[in-house]
Amino acid sequence: MTFVVPLWPPATVAVVGGGLFPVRRIFCVGRNYAAHAREMGADPTRETPCFFTKPADAVVEDGAAVPYPPATTNLHHEIELVVALGQPGRAVAADKALELVFGYAVGLDLTRRDLQNQAKQAGQPWDMAKGFDHSAPCGAIAPVSRIGHPTEAGIRLRVNDVVRQQSDIKDMIWSVAEIIAHLSGLVDLKPGDLIFTGTPEGVGPIKPGDRLEGEIDGIGRLCVTIAAL
């Protein structure tokens, strides 16, 4: 097959123990911690979870410098548990959903909060607030074969050595299995898909020069710096 433009390299994430995980799509869950829902002015609910997406090439590797994005003066951090899928699934039952999981990682859902607020007020999509370049830093994926399926683990983010976000993944409104089950009823899930599972309370602004260090106990770490565009 001859391509009419040069083929771009695939987006990948490192895997603990060796190898690379090819990223196919990135799905994200909105407001999956009650305290974060409240700080965003919403009531926590167990109704159907809200999903949005980021492009695969928004992934940024651990240790990288993330350019401060254009068109914003209010870039926010959101630390998250990331689920990496290694098996396909459609309309998967919750009690079978974890069979799709290859592993877990620490991620950041970077958000142009001012653009998101404008979109909310206008009833418009969040795409440019969430799905911009370099908006999905992701640490190395720890395979299930190494760590199993954690249901309780401290999650925290430090900015310049100061703790900004701290919670436990057990506080998610929707569990990993429930998220996969709901999402697989909307789209056909495939190997290579990543799911960012939502952020706890404490989100806030970051600026060029800031160093962000995220950690989920027993799963991994992620460290990036924010650079000038």
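Residues numbered from 1 in each chain as written. Predicted model: local features only at pLDDT ≥ 70, side-chain atom pairs only at ≥ 80, totals over all residues. Heavy atoms only, no water.

(A) Focus on the sheet that holds strand E18 (residues 220-227). The five strands lie next to each other as E6-E18-E17-E13-E14, forming an open sheet whose pairing is mixed. One side of each edge strand has no neighbouring strand; the edge strands of this open sheet are strand E6 (65-67) and strand E14 (162-168). Each strand axis lies, on average, 20° off the axis of its neighbour in the sheet, ignoring direction. Two elements, E6 and E18, share three bridges in a ladder whose sense is parallel. Within the sheet, the bridge partner assigned to Val66 lies in E18 and is Ile226. (Pairing = 2+ DSSP bridges. Helix = DSSP H or I, 4+ residues; strand = E, 2+ residues; numbered from the N terminus. Axes fitted to C-alpha atoms, helices over the stretch in contact; angles between N-to-C directions.)

(B) Structural context of the pairing of strand E9 (residues 101-108). Burial within E9 is extensive, with seven of its eight residues counted as buried. With two bridges connecting them, E9 and strand E12 (residues 142-143) associate as antiparallel partners. Note that in E12 the partner of Gly103 across the bridge is Pro143. (Buried < 20%, exposed > 50% of the residue type's maximum accessible area, 1.4 Å probe, protein only.)

(C) Region of the structure containing a nonpolar patch on the surface. On the surface, Met1, Phe3, Val4, Val5, Leu7 and Trp8 cluster together into a nonpolar patch covering about 830 Å² of accessible area. By the element assignment, Met1 lies in the segment before strand E1 (12-14). Accessibility expressed as a relative area gives 90% for Met1, which makes it exposed. (Patch = residues over 30% accessible without salt bridge, like charges linked within 9 Å, V, L, I, M, F, W, Y side chains within 5 Å. Areas by Shrake-Rupley, 256 points an atom, 1.4 Å probe, with all protein chains shown as cover. Salt bridge = Lys/Arg side-chain N within 4 Å of Asp/Glu carboxyl O.)

(D) Expanded view of the environment of Ser167. You can see Ser167 is positioned in strand E14. Accessibility expressed as a relative area gives 16% for Ser167, which makes it buried. Between the alpha carbons of Ser167 and Phe27 there is a distance of 22 Å; along the sequence they are 140 residues apart. Residues within four places of Ser167 in sequence aside, it is in contact with Tyr33, Ala153, Gly154, Ile155, Pro200 and Glu201. Within the structure, the side chain of Ser167 is placed 3.3 Å from the side chain of Asp171, a separation counted as a polar contact. (Contact = heavy atoms within 4.5 Å. Polar contact = N/O pair within 3.5 Å; in protein donor to acceptor, adjacent residues only side chain to side chain.)

(E) Structural context of the side chain of Asp114. For Asp114, the position within the fold is in helix H2 (residues 113-122). Despite its burial, Asp114 remains without a salt bridge, the nearest opposite charge being carried by Arg112 at 6.4 Å. A distance of 2.9 Å separates the side chain of Asp114 from the backbone nitrogen of Thr73, its partner in a polar contact. In this structure Asp114 touches Thr72, Thr73 and Asn74, once residues within four positions along its chain are discounted. (Lys, Arg positive; Asp, Glu negative; His and termini not counted.)

(F) Main features of the pattern of salt bridges. Under the criterion given, the structure shown has 13 salt bridges. A salt bridge links Glu78 to Arg113; the nearest nitrogen and oxygen atoms lie 2.7 Å apart. Of this pair, Glu78 sits in the loop between strand E7 (75-77) and strand E8 (79-85) while Arg113 is found in helix H2, placing the two residues 35 residues apart along the sequence. Both residues of the pair, Glu78 and Arg113, count as buried.

(G) Broad picture of the packing of aromatic side chains. Following the criterion strictly, the structure yields two aromatic pairs and no others. Taking 5.7 Å as the distance between ring centres and 55° as the angle between the ring planes, the aromatic pair formed by Phe52 and Trp126 counts as tilted. On the criterion of sequence distance, the pair formed by Phe52 in strand E4 (residues 50-54) and Trp126 in the loop between H2 and helix H3 (127-130) is long-range, its members being 74 residues apart. One Lys or Arg, Lys54, reaches over the ring of Phe132 and ends 5.8 Å from the middle of that ring. (Phe/Tyr/Trp six-rings, centres within 6.5 Å; stacked < 30°, edge-to-face > 60°. Lys NZ or Arg CZ within 6 Å of the ring centre and 35° of its normal.)

(H) Region of interest: unusual backbone geometry. Positioned with a positive phi, Arg31 is a non-glycine residue whose angle comes to about 50°. Mapped onto the elements of the fold, Arg31 is located in the loop between strand E3 (26-30) and helix H1 (34-39). A positive phi angle, near 65°, is found at His134, a position not held by glycine. With respect to the secondary-structure elements, His134 resides in the loop between H3 and strand E11 (136-138).

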